[in-house]
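# Coordinate analysis (summary)
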Amino acid sequence: MVVCVERQGSVWVLWVFFSVLFWLELCVEGSPAVLSAAADVAGAKGSRKGVERGPLSEPSWEIYHRTGWILDRMVKLAKTCDVLEVERIKVPSERENSERDGSGRVATDTSEDLIYVRLTSAKKDNSFLRYWNRKSSMLVVFGEHGRELISSEIALRLVEIACGEYKPSAGLSAKEQQNVNRMRVRTVEELSRTEITLVPVASRSSRLLAENGNWCERLNERKVDVNRNWDYHFGEFDGNTIVKEEIPGPFPFSEKETRSLREISRRTQPSIYVSFHSGDQAIVLPWDHEPTPRGGAEGERLRYVADQVVTTHCPRCLVGNSKKLFGYSAFGTAVDYMHGTQGVPFAFTVEVYGDMKAPESDCFRVFNPTDRKSYESVVNTWAGSLATFSASVHERLQLERLSGKTYLNTSFDDNEGANFFWRAKSPLERDFDGSKAENSAEITYSSTSSNVAFICAGVVAFCLMLTFVRQKIFVDSYVRKISKMK
């Protein structure tokens, strides 16, 4: 009896010992420090979307375009296109001050120009006219992950169509040509109220790695996933986190790509943010880090716009958040940061293509169409979707104004201190400003730049009035003087 009790006790001790080891291993494996160094660890979890090596499909460069060619094409088009501007941004390595531990952290990557383009009907306007006729702003990002080549091809097609420079391949039917012409008309018309900023290749190094034969490459040259490097629930993880793929980096904005995109968002002050990816067919809504999509009035607004785009362009596409659609949560993503921290009311991730029948090892085929017909269908469909995104947002806000509903009842998660200073009173809010906030404690949208302009106008008007009064007094005095002389 004593021997049995001793053996049973030994079993319990061993069970507790191995349980503790298991949980310690799980916690250590998921920590941000280990995530940053896990890219070379053998035996890491397999990918949801395919990272196993094996025989790979390759793109036909008669269909696809190299990164350098895409960027050079846009630079050349801007010289002759009436609605296209090209800008460059150089974000040097910067010192990031840690609010958590008080230590200084330095981003060691080298600076590099990031090219972005702007579709605008005000290309020839001076800065004063641009401010006076300020439009709504949409920021669209392509090519965050190198293996998703089709993403940047959509940006190229949109620019070519908007500039009237798209030369369709042989065999394009009359109906398809008509659709392309209609797409150009809709896009140019939408530019009258929305300025569209495109980042055609957000992570150039990642795309170049893919072009050099690493067709499964998702990370940049520093082995960081730039869509996990944003300062919104950064470094968090759960049981579905893919250690080898979702590497957030040593700290938020450690990568030049995310710092560049953050700077572009501050310059453009978008009301609409769209990020294009591939691997599935869906429109993904905030929140990426939560098990359920954004709720309340904000969630209804996002769902309305997504449903309009799906109905018009992709009836097979699903709508929901990451956890609901794909079974996993994502932390530190651009969409969550834009929606939650920067206060962009309309933020979406679009998954444009995914071959569910392809083996996981054939990454190029999983993420990109391999034949000309499928390629043309994907790029034309989603190039035309941006005009629908813009039109649906304006339509939704006008419906809210007409129905008397509260506009932008914002209660964003104040993670790390939300900063709404720079985007307050966006053009969309000016266009449809007819409602009042339900809660006085919520954010008050008042544009500092607009206030300064009104103050300056008031000062000028006051000076003109004083000048008029002085002139009138002078004239009256002069008339009386002449009268006395007579």
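No experiment lies behind these values; they were computed from the predicted model shown.

Cut-offs used in this document
- Residues numbered from 1 in each chain as written.
- Predicted model: local features only at pLDDT ≥ 70, side-chain atom pairs only at ≥ 80, totals over all residues.
- Heavy atoms only, no water.
- Helix = DSSP H or I, 4+ residues; strand = E, 2+ residues; numbered from the N terminus.
- Buried < 20%, exposed > 50% of the residue type's maximum accessible area, 1.4 Å probe, protein only.
- Contact = heavy atoms within 4.5 Å.
- Areas by Shrake-Rupley, 256 points an atom, 1.4 Å probe, with all protein chains shown as cover.
- Salt bridge = Lys/Arg side-chain N within 4 Å of Asp/Glu carboxyl O.
- Disulfide = S-S within 2.5 Å.
- Expected span 1.5 Å × (residues − 1).
- pLDDT = per-residue confidence, 0-100.
- Pairing = 2+ DSSP bridges.
- Axes fitted to C-alpha atoms, helices over the stretch in contact; angles between N-to-C directions.

### Thoughts on the overall build of the chain
If you tally the helices and strands in the chain, you get 16 helices and 10 strands. The 486 residues of the chain split such that 49% are buried. Restricting to contacts in the chain with at least 6 residues of sequence separation, those with at least 24 account for 81%. When the accessible surface of the chain is split by element, carbon and sulfur atoms take 56% of a total near 23700 Å².

### Some points on the side chain of T349
Looking at where T349 falls in the secondary structure, it is placed in strand β10 (residues 346-351). If we ignore the near neighbours within four places in the chain, the residues touching T349 are S275, H277, A282, I283, V284 and V335.

### Some remarks on the pattern of salt bridges
With the rule as written, the count across this model stands at 21 salt bridges. Here E400 and R301 are joined by a salt bridge, their closest N and O atoms 3.0 Å apart. Taken together, the positions of E400 in helix α14 (residues 385-403) and R301 in helix α9 (residues 296-313) put the pair 99 residues apart, joining distant regions of the chain. The exposure class of E400 is buried, given its relative accessible area of 5%. Given the relative accessible area of 2%, R301 is considered buried. Taken together, the shared-partner salt bridges in this structure form one network comprising E85, E87, R118 and E195.

### Focus: the state of the cysteines
Counting across every chain of the model gives three disulfides. A disulfide bridge connects C314 with C317, and the sulfur atoms are separated by 1.9 Å. Where C314 bonds to C317 through sulfur, the torsion about that S-S bond is close to 80 degrees, and the disulfide is right-handed. Judged by relative accessible area, C314 falls into the buried class, the value being 6%. With its disulfide-bonded cysteines labelled consecutively along the sequence, the chain is connected as 1-2, 3-6, 4-5.

### Observations concerning helix α8 (residues 256-268)
Residues separated by three or four positions in an α-helix point in the same direction, a consequence of the helix having 3.6 residues per turn. The end-to-end C-alpha distance of α8 is 18 Å, a good match for the 18 Å that 13 residues give at a rise of 1.5 Å each. In terms of residue burial, α8 counts as a mostly covered element, since 10 of its 13 residues are buried. For α8, every residue scored as buried is listed here: K256, E257, T258, R259, S260, L261, R262, I264, S265 and T268. A positive backbone phi angle near 50 degrees is found at Q269, which sits one or two residues after α8.

### A closer look at the confidence of the model for the chain
Mean pLDDT over the chain works out to 76, with 66% of the residues at or above the 70 mark. Here residues 96-103 is modelled with pLDDT under 50, and outside its nearest four sequence neighbours on either side it reaches 16 contacts, counting other chains as well.

### Side note on the pairing of strand β6 (residues 194-199)
Among the six residues that make up β6, six are buried, leaving the element largely enclosed by the rest of the structure. Residues T194, I196 and L198 of β6 are buried on one face, and the alternating residues E195, T197 and V199, pointing to the opposite face, are buried as well. Bridging between strand β4 (residues 113-119) and β6 involves three bridges; their strand directions are antiparallel. Its bridge partner being in β6, L119 is matched across the sheet by I196. Judged from the six bridges that link them, strand β5 (residues 136-141) and β6 form a sheet pairing that is parallel. When the bridges of β6 are listed, L139 appears paired with T197.

### A closer look at the sheet that holds strand β8 (residues 282-284)
Reading across the sheet, the eight strands line up as β1-β4-β6-β5-β7-β10-β8-β9 and stay open at both edges, with mixed pairing between neighbours. Bordering the open sheet on either side are β1 (84-90) and β9 (318-320), each of which pairs with just one other strand. Each adjacent strand pair in this sheet contributes to an overall mean axis angle of 20 degrees, direction not counted. Sheet topology places β8 next to β10; three bridges connect them, and they run antiparallel. Pairing of V284 across the sheet is with T349, part of β10.

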